[in-house]
Amino acid sequence: MKTLIIIPTYNEYENLQSLLRSIFSYAPHTAILIVDDNSPDGTGELADQLHEKDSRVHVIHRAEKLGLGTAYVEGFKYAISNGYDAAFEMDADFSHDPQYLPDFLQAIEDADLVIGSRYIPGGATPNWSLARRFISGCGNIFARFMLGIPIHDCTAGYRCYRREVLENIDLDSIQSQGYAFQVELAYRVMKQGFTIVETPIVFMDRRVGKSKMSRKIVAEAFLYVLGTRFGKQTPSGPSVPTESKQSDVVGPSVRR
Ligand SMILES: Nc1nc2c(ncn2[C@@H]2O[C@H](COP(=O)(O)OP(=O)(O)OP(=O)(O)O)[C@@H](O)[C@H]2O)c(=O)[nH]1
Ligand SMILES: [Mg+2]
């Protein structure tokens, strides 16, 4: 399977080189796409140097900070137009440990979307404060029950999508950027009848650099869930459900 790992970056100079080294040590046959938003710290220039040294590394430069959601959408389109069979979402800050890549690569053989989950046995968030656990945990339960998404971690951003999924979810109509982006994609994938699998991950806090998480991002996710549940119809792309594959434990179209 031809796979692409999409890594959006904004000021990740200190993480990027060691992250790529780690990724290739666990998954030497994947390609990487860095989507950099003109990071002031020189991440974009470093990405170009890494591309020159290694043909598996590709770079998209955007003129300004345009948000995580649009960076991924750009990456997904790149994956489709360059013939990749599957595309990953991965943060640059080592929260998404490359050691799990083999688990994802195995799981995606029989699923349409694999989500690295903190909220199934084997998953954890060991260095989070009680407050952050509470917000994330409640947010997930809220999204899960309001939207009927039968997965335990729908805000998780460590994922692998099959190409067919990306082709079917009308990428241009996605507006959300932060956690809402992850919830919206999970919801659309579920609505299309694709198979979602969760694989456990231990989520570590970023090693170096600054977090871009904010109250605004939490509020965006909350409003997305409410808006989708009670109001506006979210477009979810052409209605061509795939054949439903076997599932266990978690819900109708989901297994882990
Ligand atoms: N291209 C691009 N990348 C971004 C943007 N905002 C964040 N990123 C990247 O997206 C990834 C996730 O951002 P983080 O700052 O780690 O946010 P987070 O993971 O929600 O928050 P923490 O858990 O506190 O780390 C990182 O690789 C960032 O560099 C953006 O506007 N454009
Ligand atoms: Mg992070």
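Residues numbered from 1 in each chain as written. Chains lettered and ligands numbered in written order. Predicted model: local features only at pLDDT ≥ 70, side-chain atom pairs only at ≥ 80, totals over all residues. Heavy atoms only, no water.

1. A short note on the packing of helix α5 (residues 130-147) against helix α8 (residues 215-230)
Between two packed helices, the angle of one axis relative to the other and the distance separating the axes together describe the packing.
Turning to step 1, where the next piece is worked out: Running from N to C, α5 and α8 point in directions that differ by 15°, and their axes come no closer than 10 Å. On the basis of the axis angle, α5 is roughly parallel to α8. The element α5 and its partner α8 pack so that their crossing is left-handed. Residues I135, F142, A143, M146 and L147 of α5 pack against V218, F222, Y224, V225, L226, T228, R229 and F230 of α8.
Turning to step 2, where the next piece is worked out: Grouping the amino acids of the contact of α5 with α8 by side-chain chemistry returns 11 nonpolar, one polar and one charged. (Axes fitted to C-alpha atoms, helices over the stretch in contact; angles between N-to-C directions. Helix = DSSP H or I, 4+ residues; strand = E, 2+ residues; numbered from the N terminus. Parallel < 35°, antiparallel > 145°, perpendicular 65-115°, else oblique. Left-handed = near helix turned anticlockwise from the far one by under 90°. Contact = heavy atoms within 4.5 Å. Nonpolar A, V, L, I, M, F, W, Y, C, P; charged D, E, K, R; others polar.)

2. Quick look at the environment of Y26
Turning to step 1, where the next piece is worked out: By the secondary structure assignment, Y26 is in helix α1 (residues 13-26).
Turning to step 2, where the next piece is worked out: You can call Y26 partly exposed: its relative accessible area is 39%.
Turning to step 3, where the next piece is worked out: Leave out the neighbours within four places in its chain, and Y26 touches P98, Q99 and P102. (Buried < 20%, exposed > 50% of the residue type's maximum accessible area, 1.4 Å probe, protein only.)

3. Some words on the confidence of the model for the protein chain
Low-pLDDT stretches of the model should not have their predicted coordinates read in fine detail.
Turning to step 1, where the next piece is worked out: Looking at the protein chain, pLDDT values average 90 and 89% of them are 70 or higher.
Turning to step 2, where the next piece is worked out: Confidence drops under a pLDDT of 50 for residues 236-256, and excluding neighbours within four residues, the segment shows 57 contacts in the predicted structure. (pLDDT = per-residue confidence, 0-100.)

4. Some thoughts on the pattern of salt bridges
Turning to step 1, where the next piece is worked out: Counted by the stated rule, this structure contains nine salt bridges.
Turning to step 2, where the next piece is worked out: Residue E167 is joined to R163 by a salt bridge in which the shortest nitrogen-to-oxygen separation is 2.9 Å. With E167 and R163 both in helix α6 (residues 163-168) and four residues apart, this pair spans about one turn of that helix.
Turning to step 3, where the next piece is worked out: The exposure class assigned to E167 is partly exposed, which follows from its relative accessible area of 40%.
Turning to step 4, where the next piece is worked out: Put simply, E184 and R188 hold a salt bridge, and the shortest N to O gap is 2.8 Å. Pair noted here: E184 and R188 are both in helix α7 (residues 179-191), with a separation of four residues, about one helical turn. Pair check on accessibility: E184 and R188 agree, each one buried.
Turning to step 5, where the next piece is worked out: Three or more residues joined by partner-sharing salt bridges are found here, namely E12, D93 and R206. (Salt bridge = Lys/Arg side-chain N within 4 Å of Asp/Glu carboxyl O.)

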